[in-house]
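# What the coordinates show
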Amino acid sequence: MRIYAISDLHTDFRENRQALERIGATGHRDDVLIVAGDVADSETVLRETLELLAGRFREVFFVPGNHELWVRGEPRDSMEKFQSVLRICDQVGVRTSPARVGDAWIVPLFSWYDPSFDVNGEGAEDELEAWADRYFTRWPANLGRVDQAFLRMNGPHVRPYDAPVVTFSHFVPRPELVPSVKYLRFRGLPLVAGSLGIEEQIRVIQPRVHVFGHTHIPEDRVLDGVRYVQNHFSRGAGTPPGAPLKLVWTGVDDVFDPPMFC
Ligand SMILES: [Fe+2]
Ligand SMILES: [Fe+2]
């Protein structure tokens, strides 16, 4: 049993929807696919995309990203839409809670971002004027910190497991996984990239691999014994797309050679 990872399909965009044909079209009936958020803000497109993938893989796991929680012109809030997205996943047979498949557990971690993730104080607040989540998400008045609200939902799943674990979140778990702003076109990114609380949960679970998305910056490296992988798919964000699928787990004897950087 092999586990593949992808994120940020953004199939709201036609070119990504067309490219979806490349994702696991053949030969993956025994494999697992992790989809680490940002498929679409349209629930219709989300349903169609997940349904297609669920038909190609043995199991598909998913967590909502920020785009799934946009509520443009709707009376409901983003938390109500979150619950609706989980129901859609349930209806099309896509998992959003932990399950053991073969020799490994796959553990989805719900998350959001918080400015305190920017531990180096590099984020440019003025660049968030154009950040769409500011206009397209709406939260219940008594929710408190949004990232903490999602992390609390993971509570029952934050524990040791009796087999190797692959965890995944949409947002970034460690500041080291966001490049310095001097290399970024969007200098506000550290303020909306991740949450330190994701990494706290990862340290309890102790996975072999953690998959994430959101920044559309490819990643594959080992930090403190955990392999952190981002394999974003979207072709529309000004960064080159990753591979259609990235293999992140092949079995209990899986040995990972960290990529060489030069
Ligand atoms: Fe994205
Ligand atoms: Fe995102």
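Residues numbered from 1 in each chain as written. Chains lettered and ligands numbered in written order. Predicted model: local features only at pLDDT ≥ 70, side-chain atom pairs only at ≥ 80, totals over all residues.

### Side note on the overall build of the protein
- For the protein, the count of helices and strands is six helices and 10 strands.
- Projected onto its principal axes, the C-alpha coordinates of the protein cover approximately 45 × 40 × 35 Å.
- Considering only residue pairs separated by 6 or more positions, the protein has 79% of its internal contacts joining residues 24 or more positions apart. (Helix = DSSP H or I, 4+ residues; strand = E, 2+ residues; numbered from the N terminus. Contact = placed C-beta atoms within 7 Å.)

### Thoughts on the pairing of strand β2 (residues 32-35)
- Neither face of β2 is exposed, since V32 and I34 on one face and L33 and V35 on the opposite face are all buried.
- Of the pairings in the sheet, the one linking β2 to strand β3 (residues 59-62) comprises four bridges and is parallel in character. In the strand pairing of β3, V32 is matched with E59.
- For the handedness criterion, the β-α-β arrangement of β2, helix α2 (residues 43-54) and β3 is classed as right-handed. (Buried ≥ 20, exposed ≤ 12 C-beta atoms within 10 Å, placed from the backbone. Pairing = 2+ DSSP bridges. Right-handed = clockwise from strand over helix to strand, strands pointing away.)

### Details of the environment of A193
- Here A193 is to be found in the loop between β6 (165-168) and α6 (196-205).
- Measuring from C-alpha to C-alpha, the distance between A193 and V172 comes to 5.9 Å, with 21 residues separating the pair along the chain.
- Beyond its immediate chain neighbours, meaning those up to four positions away, A193 contacts Y113, F117, F171, V172, V178, H214 and T215.

### Notes on the nonpolar core
- Ranked by internal contacts, the top residues of the largest apolar core, which has 57 residues, are I34, V35, V166 and V211.
- The contacts of V166, once residues within four sequence positions are left out, are I3, A104, I106, P207, R208, V209, V211, V248 and W249. (Core = buried A, V, L, I, M, F, W, Y, C linked by C-beta atoms within 7 Å.)

### Notes on helix α5 (residues 146-153)
- By the burial criterion, the buried members of α5 are V146, D147, F150 and L151. The buried residues of α5 occupy one face: seen down the axis, they fall within an arc of 135°. (Arc of directions from axis to C-beta.)

### Here's the deal with the sheet that holds strand β9 (residues 226-230)
- Across the sheet, six strands lie side by side as β4-β5-β6-β7-β9-β8; this open sheet has mixed pairing. The strands lining the two open edges of the sheet, one partner per strand, are β4 (99-101) and β8 (219-223). Here the strands of the sheet are splayed against their neighbours by 20° on average, with no regard to which way each runs.
- Judged from the four bridges that link them, strand β7 (residues 209-212) and β9 form a sheet pairing that is parallel. In the sheet register, H210 faces β9, and the bridge partner there is Y228. (Axes fitted to C-alpha atoms, helices over the stretch in contact; angles between N-to-C directions.)

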